[in-house]
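# Residue-level structural notes
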Amino acid sequence: MFSSPLSLVDNMEKRALSNPSRGSNTVSIVATSAIINFIKNHQFIDRIVGEHFYDSSVEEKCNVNDLLGIVDNILSSVIPLVNKESGNKKVPTDAPQTNISSNISHLINWICCQMTCEAARSKNVETRLLQIFWKVSSYRWTTQVLLVLAAFALQYGDFWFISEAPSDGRNALSTCLLKGLSSLKKKLISNENKMAAMIPLNKVINDLLELTTHLVRLSNLVIQNRGKHVPELATAFRTIPRWSCETIIAILTAGNYFARLIDDDKLAESELEILALSVSDTKSDVLRVVKSCERKIGQMEEYQKYVKKVEAPVDIVDFLISLLTAKDSSQDPIVTGPNDTPVKLELFRKKSVLLIISDQNISPDDIETLRIIHDDETRFRISPKEDDPKAFSIQIQTEKETLYELVWIPIVDARPENLEPLPKFNSLMPWAYRVDPQKMNELAATYIKEEWRFKRETMVVVFDSLGLVENTDAMPMLRIWGTHAFPYTGIESKHPWTEPCNWVQLVLKRVVQQGILDAIKDECILFWGAPAAAEAGADVSSGILNHRAIQIEDMKLFRILLRSCLICRLQALQILKFESSPLLDRIVYEMTEAYGACQKDGVAILTKGPELQVQHVGLFSDLKLVMDQVAKDGGTALAEDFEKKYKDAQGQSICLHVCVPHYTSLGDFTALIVADS
């Protein structure tokens, strides 16, 4: 498969001696402008990208790093020479271990001929470009760029270094060609206008080398970090093909311009300016993306180390230190107590912790719920003090021991310039321990958002004394059951829903005037809530406000409580396994219908008896129809229709009848929806 390896530098001389003189008038170089127009030809580039067929077995034959090193060696030697930045002529050196296969060498020679010799056949420019792209289409995009740049480096290096080739072993033909090429080189150097044009071209060539290096670097980043969650890499992966096509066309344009500069007396400075601007802009864009990706990868790796440390706690104190303490920081403490005095994390040793996560706009209702949890007597346990065992006559003393503490982490933009308009956190929950957002580890907020899926809604993560998560979010449970949900872990033996519950009573007890639910004795009660717009319910309220209809005035709180209750029920079904599928549960169905109604319009809930058994759940817009039906037959027809709708829904696709709130810990339930639907 492979012939004896030939270094590109050795092959460079053979390539130059095998080509006709570039000074021959029979060689008609295609105008540069005809090629440069394809750089921004989106239709042409889309066609190239669409026809790309990568073959890994072909890619393996090309050692990208070695080839890049050779090309860099050639161009890095030529560029200073042309710019006259070096007093000595630096001839590229060939490291013995840097070899390429004959297949790659032949491919590079073929591309080089397309730049020069084949132009004499007056081929259509688009056809010639398509041939080159097709020839290299089995390689990775950045490898294609490197192969074309290698061909150009061969052409460029031929011209500037071939006259320095050793005389040993030359035959008459090669000596003649070398003399002719040397003469052509001297003629170019003696032409001040052409040499002046070489300087900006040389700058373009240097930019092309850097651009190719950046593209290879970016491609390596994508390959090495495949499967990692770095959105910038995904964007780069989609952009590399277009950048590569533009770069290949730019290299071919530079090659044609160089050959034209040697053979033609006419200069096209405007074309070179367009090329230089295009290459420079693309190089800047690629370099910016490379740096962005490297920065994000570095941040990701740092974050992964942080996660590994956080999720391997020895106890609750170790966990809080790992989560909250800034890297390489001795700032301690970062927590203040209820009396605004700093406390050390050691205070929480051997205790459970309810970690309150919220933004700066935590609702008053949630604050009140958490205050009740804080003040609950079950937070404390009476335990004997340690006394001298020999002092039997001494009466055993007792002390109050705190079983769990509430620690609040405000997730805010902690930059100093953004803290000014924030509320004083100690005034919101003065009874809770508070973490200073300016002092805590900047990765803590990222961890909370990524691992615990915190968005904006208040959540409470429950930890045991070993620093292990017992409940990823107890807040829905706390809103519905309050202190009755103690110890707030949601485990099977402790879950509040092990006892029969009425979801209507659970949700409405905080949004309907106190005492109304207890006083209900009517056969049918209609609870209704208007849409957000106040005027939406004003027109009909006068016709329904009587002893059989009760308005839900705080619809925002109702939706929050309904959502929390639905989440709790779904969690309970996962833990307690009441049904093979949660969606076969009648309570879930009733609440999803109510939740969907709240999302669309307003809600109307018809119940029966003091137990508030649900007979019908509908939209607020159907309120008049519901009232008429209740007046007609006491709601019997509505109840029958709702029961039929429930039974029919069980045989339909789940997606057709269920409105489930997004919630992190319902991941298994979400998977069930996908599987069943």
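Residues numbered from 1 in each chain as written. Predicted model: local features only at pLDDT ≥ 70, side-chain atom pairs only at ≥ 80, totals over all residues. Heavy atoms only, no water.

On to the state of the cysteines, then. Overall, the coordinates contain zero disulfides when judged by the stated rule. Note on Cys-565: no disulfide assigned, nearest cysteine sulfur contributed by Cys-568 at a separation of 6.5 Å. (Disulfide = S-S within 2.5 Å.)

Moving on to helix 6 (residues 102-115). In an α-helix, one turn spans 3.6 residues; hence positions three or four apart end up facing the same way. The terminal C-alpha atoms of helix 6 lie 20 Å apart, and with 14 residues this matches the ideal 20 Å at 1.5 Å per residue to within 8%. Across the 14 residues of helix 6, ten count as buried, placing the element largely inside the fold. Burial in helix 6 covers these residues: Ser-102, Ile-104, Ser-105, Leu-107, Ile-108, Asn-109, Ile-111, Cys-112, Gln-114 and Met-115. (Helix = DSSP H or I, 4+ residues; strand = E, 2+ residues; numbered from the N terminus. Expected span 1.5 Å × (residues − 1). Buried < 20%, exposed > 50% of the residue type's maximum accessible area, 1.4 Å probe, protein only.)

Moving on, we come to the environment of Arg-242. Counting through the fold element by element, Arg-242 comes out in helix 11 (residues 231-263). Placed 197 residues apart in sequence, Arg-242 and Ile-45 show a C-alpha to C-alpha distance of 6.8 Å. Aside from chain neighbours lying at most four places away, what touches Arg-242 is His-42, Ile-45 and Asp-46. Within the structure, the side chain of Arg-242 is placed 3.1 Å from the side chain of His-42, a separation counted as a polar contact. (Contact = heavy atoms within 4.5 Å. Polar contact = N/O pair within 3.5 Å; in protein donor to acceptor, adjacent residues only side chain to side chain.)

Residue placement: Asp-366 occurs in helix 14 (residues 364-375). Ignoring any residue separated from it by four or fewer positions in sequence, one finds Asp-366 in contact with Thr-458, Met-475 and Arg-479.

Here we take up the packing of helix 22 (residues 555-576) against helix 23 (residues 586-600). Where helix 22 contacts helix 23, the two axes come as close as 10 Å, and the packing angle between them is 150°. It follows that helix 22 is roughly antiparallel to helix 23 by the angle criterion. For the pair helix 22 and helix 23, the sense of crossing is left-handed. When helix 22 is examined against helix 23, the residues Met-555, Phe-558, Arg-559, Leu-562, Arg-563, Cys-565, Leu-566, Arg-569, Leu-570 and Leu-573 are found in contact with a partner set consisting of Ile-587, Val-588, Met-591, Thr-592, Ala-594, Tyr-595, Cys-598 and Gln-599. Of the residues that constitute the contact of helix 22 with helix 23, the class distribution is 13 nonpolar, two polar and three charged. (Axes fitted to C-alpha atoms, helices over the stretch in contact; angles between N-to-C directions. Parallel < 35°, antiparallel > 145°, perpendicular 65-115°, else oblique. Left-handed = near helix turned anticlockwise from the far one by under 90°. Nonpolar A, V, L, I, M, F, W, Y, C, P; charged D, E, K, R; others polar.)

Here we come to the sheet that holds strand 12 (residues 603-608). Across the sheet, four strands lie side by side as 11-10-12-13; this open sheet has mixed pairing. Of all the strands in the sheet, just strand 11 (549-551) and strand 13 (613-619) have a single pairing partner and so form its edges. Between one strand axis and the next, the sheet turns by 20° as a mean value, whatever way the strands run. Pairing analysis gives six bridges linking strand 10 (residues 524-529) to strand 12, with the strands arranged antiparallel. (Pairing = 2+ DSSP bridges.)

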